[in-house]
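# Structural features, examined
Listed here are the chains, written in short residue letters.
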Amino acid sequence: MKSLPADVSRRALMLMSMGAAALATLPKLSFAAMPTKVTTANGWVSNVQYSGFFLAIEQGYFEEFGVTAEFLPGGPNAPDTLVSLSAGQAEIATANWLPFIDAVQKGNDFVLLGAQWAKSPAAVMSMAKRPLLEPKDILGMKILIQKPSDSQIIDAILDGAGLPHDYTTAPTGFSPEPLLAGDGDAYLAFATNQPITLEKMGLVAGKDFHVTLLDDLGYHVTQGLYLTSRKFLTENRAAVVGYVAGMIKGWKAAIAEPQAALDVVLNKYGADLGLDAAQQKRQNELQMPLVAPARDTKLFALQPDVFTGPMSEVAKAAGRTVPEFGRIADTSVVDEALAKLA
């Protein structure tokens, strides 16, 4: 092979030296890890129930902890959240206790991370003419329930109070109007939803009707559970901790600025869903004391004794086998997330 002329070689060497010198003057590039995409399968349509989550997205709290948060909205026509998680369409899912246990029994290696509600919104509504304010008031009542398994909740309340199972049930729908019509004496409901229907009719809670939390009747249950697969948690623990940190920061902001939380739902994430602004505002007012009942509430934390106590008892009464709590939950994720926020 012919060698290059001497003058060409010298020019090439000079250009290479100049290029090296120019590169040396450039700022050093950062090769920080890219954010981890975490998709959440929500159980219902995008509404104020998820306002803390949406505020965390909008304010960049997830990105602050290395996570890009996306979501799958729920609703009547959406896939079950646990199906989306199992199929790999989501990395995080929201669920309630019994469906979670059923999914685990089917072989899914799911892990509970935390819960939105520090105090469950599950409640019983009754009219002023016959209020249900404590367990003994259940005796002799006809209670409207939305599914047959709800009677196990009533049994658990009576058992906890040492009272007989002296009541009857009747099936009903999602609306509390049958209670108003006198079809029953009480109605199992959510404190953040059905009472608003009666309020819009001009009725006043505490005067014309009563809303009693099941928690205040001795039935302690955790709802609004957040979970992931053990595989994703093991392989992406830092991202899962970051996700929970972003979520907690989002709910803290929603509690501190409820109007901002409402606006982000009505003006963006639920803008095309025909949400009733007044209903959403009232729902937001009702849910905040349940997300954080006290100033020092440890947001998103799971309480093991609640799971190993009444929640396990109800699951077993319904024919489920409940694994040891340590096998189905990791409470340290919330602890690590809170440490990031300290």
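Located above this text is the structure these notes cover.
As the structure is a computational prediction, the values presented were derived from the model and not from experiment. (Residues numbered from 1 in each chain as written. Predicted model: local features only at pLDDT ≥ 70, side-chain atom pairs only at ≥ 80, totals over all residues. Heavy atoms only, no water.)

### Comments concerning the overall build of the protein
- In terms of helices and strands, the protein carries 15 helices and 10 strands.
- Taking 20 Å as the expected radius of gyration for a compact globule of 342 residues, we find that the protein reaches 26 Å, considerably beyond that expectation.
- C-alpha atoms of the protein, sized along the principal axes, occupy 110 × 45 × 40 Å.
- When the accessible area of the protein is evaluated, it comes to approximately 17,200 Å², of which 55% is carbon and sulfur surface.
- Computing the positive centroid from 28 side-chain charges and the negative centroid from 35, the protein places the two 9 Å apart. (Helix = DSSP H or I, 4+ residues; strand = E, 2+ residues; numbered from the N terminus. Rg over C-alpha atoms; globule rule 2.2 N^0.38 Å. Areas by Shrake-Rupley, 256 points an atom, 1.4 Å probe, with all protein chains shown as cover. Lys, Arg positive; Asp, Glu negative; His and termini not counted. Charge placed at Lys NZ, Arg CZ, Asp CG, Glu CD.)

### Observations regarding helix H11 (residues 258–269)
- Spanning 12 residues, H11 covers 16 Å between terminal C-alpha atoms, matching the ideal 16 Å at 1.5 Å per step.
- Of the positions making up H11, those classed as buried are Ala261, Leu262, Val264, Val265 and Tyr269. Projected down its long axis, H11 shows its buried positions confined to an angular sector of 160°, all on one face.
- Buried residues along H11 sit against helix H2 (51–58), strand E2 (67–72), helix H10 (237–256) and helix H12 (277–291). (Expected span 1.5 Å × (residues − 1). Buried < 20%, exposed > 50% of the residue type's maximum accessible area, 1.4 Å probe, protein only. Arc of directions from axis to C-beta. Contact = heavy atoms within 4.5 Å.)

### So, the pattern of salt bridges
- One pass over the full model with this rule turns up 16 salt bridges.
- Arginine 130 is the partner of aspartate 185 in a salt bridge, and the nearest nitrogen-oxygen pair spans 3.5 Å. Here arginine 130 lies in the loop between strand E5 (122–127) and strand E6 (141–145) and aspartate 185 lies in the loop between helix H7 (177–180) and strand E8 (186–190), a separation of 55 residues in the sequence.
- Accessibility expressed as a relative area gives 33% for arginine 130, which makes it partly exposed.
- Between lysine 298 and aspartate 335 there is a salt bridge; the shortest N-O distance is 2.7 Å. (Salt bridge = Lys/Arg side-chain N within 4 Å of Asp/Glu carboxyl O.)

### Concerning the packing of H2 against H11
- In the contact formed by H2 and H11, the axes pass within 9 Å of each other and the chain directions differ by 80°. On the basis of their axis angle, the class for H2 and H11 is roughly perpendicular. Contacts between H2 and H11 involve Ser51, Phe54, Leu55, Ile57 and Glu58 from the first element and Ala260, Ala261, Val264, Val265, Lys268 and Tyr269 from the second.
- Split into classes, the residues belonging to the contact of H2 with H11 amount to 8 nonpolar, 1 polar and 2 charged. (Axes fitted to C-alpha atoms, helices over the stretch in contact; angles between N-to-C directions. Parallel < 35°, antiparallel > 145°, perpendicular 65-115°, else oblique. Nonpolar A, V, L, I, M, F, W, Y, C, P; charged D, E, K, R; others polar.)

### A few points about the packing of aromatic side chains
- Scanning the entire structure with this criterion turns up 12 aromatic pairs.
- Ring centres of phenylalanine 54 and tyrosine 269 lie 4.6 Å apart, and the angle between their planes is 5°; this geometry places the pair in the stacked category. Of the two residues, phenylalanine 54 sits in helix H2 while tyrosine 269 sits in helix H11, which places them 215 residues apart along the sequence. Residues phenylalanine 54 and tyrosine 269 agree in their burial class; the two are buried. (Phe/Tyr/Trp six-rings, centres within 6.5 Å; stacked < 30°, edge-to-face > 60°.)

### A short note on the nonpolar core
- The biggest cluster of nonpolar side chains holds 47 residues, and the ones touching the most others in it are Phe53, Phe54, Phe62, Tyr243, Met247 and Trp251.
- In terms of residue count, the dominant contributor to this core is H10 (11 residues).
- With near-sequence residues (within four places) excluded, phenylalanine 62 lies in contact with Phe53, Ala56, Ile57, Val67, Ala69, Tyr243, Gly246 and Met247. (Core = buried A, V, L, I, M, F, W, Y, C linked by side-chain atoms within 4.5 Å.)

### Focus on the side chain of aspartate 150
- Relative to the elements of secondary structure, aspartate 150 occurs in helix H6 (residues 150–160).
- Each residue touching aspartate 150, except ones within four places of it in the same chain, is listed here: Ile145 and Leu188.

### Focus: the pairing of strand E10 (residues 225–229)
- Taking burial as the measure, the 5 residues of E10 include 5 buried ones, the bulk of the element.
- Burial of E10 is two-sided: the residues Leu225, Leu227 and Ser229 facing one way and the residues Tyr226 and Thr228 facing the other way are all buried.
- In this structure, strand E3 (residues 92–95) lies alongside E10, joined through 4 bridges in antiparallel fashion. Of the residues in E10, the one forming a bridge with isoleucine 92 is threonine 228.
- Sheet analysis places strand E4 (residues 110–115) next to E10, joined by 5 bridges and oriented antiparallel. Opposite alanine 115, over in E10, you have leucine 225 as the bridge partner. (Pairing = 2+ DSSP bridges.)

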